[in-house]
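Report on the structure
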Amino acid sequence: DRLFESTGRGGFTIYPDIKGLDAYFYDKKEIIFYSHGDLEDLTNKIDYYLEHDEEREKVRMLGHNRTKKEHTYVHRWASILETLNIK
């Protein structure tokens, strides 16, 4: 939930590269993934995006737009109801 909460609220998000999450967001376009457990990678990405305001803002907005378009609770419930064949 945290991933969708942070992007849905318009936050710039750096998140661990957990298998399967790339199905929801594009890395370096809508969200920034770092190597899970690699604090050096995380630190480097934080430092980089603190120095690159325009790039950070572009990623933040694209992530927010994607969440609003595809990843709200309404979307989740529609998928559940469709799977259960409930109209």
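Residues numbered from 1 in each chain as written. Predicted model: local features only at pLDDT ≥ 70, side-chain atom pairs only at ≥ 80, totals over all residues. Heavy atoms only, no water.

Notes on helix α2 (residues 39-51)
The end-to-end C-alpha distance of α2 is 18 Å, a good match for the 18 Å that 13 residues give at a rise of 1.5 Å each. Three or more residues of α2 are buried, namely Asp41, Leu42, Lys45 and Tyr49. Here the buried residues of α2 occupy an arc of 100 degrees about the axis, which is enough to place them on one side. Relative to its buried face, α2 has exposed residues pointing more than 90 degrees away, namely Leu39, Glu40, Leu50 and Glu51. For α2, the elements touching its buried residues are β1 (14-16), β2 (32-34) and α3 (53-70). Of the residues flanking the start of α2, the one acting as N-cap is Asp38, its side-chain oxygen 3.2 Å from the backbone nitrogen of Glu40. (Helix = DSSP H or I, 4+ residues; strand = E, 2+ residues; numbered from the N terminus. Expected span 1.5 Å × (residues − 1). Buried < 20%, exposed > 50% of the residue type's maximum accessible area, 1.4 Å probe, protein only. Arc of directions from axis to C-beta. Contact = heavy atoms within 4.5 Å. Polar contact = N/O pair within 3.5 Å; in protein donor to acceptor, adjacent residues only side chain to side chain.)

A few points about the side chain of Thr67
Note that Thr67 resides in helix α3. With sequence-adjacent residues up to four places away left out, Thr67 is seen in contact with Phe4, Thr7, Gly8, Phe25 and Thr72.

A short note on the pattern of salt bridges
A complete count under the given rule lists seven salt bridges for this structure. As a salt-bridge pair, Asp27 and Lys28 come within 3.3 Å of each other at their nearest N and O atoms. Overall, the relative accessible area of 34% leaves Asp27 in the partly exposed class. The exposed category is assigned to Lys28, whose relative accessible area is 56%. We note a salt bridge from Arg66 to Glu70, for which the minimum N-O separation is 3.0 Å. Remark: Glu70 and Arg66 occur in helix α3; sequence separation between them is four residues, near one turn of the helix. A relative accessible area of 14% means that Arg66 is categorised as buried. Bridged by salt links that share partners, the residues Glu30, Arg66 and Glu70 form one connected network. (Salt bridge = Lys/Arg side-chain N within 4 Å of Asp/Glu carboxyl O.)

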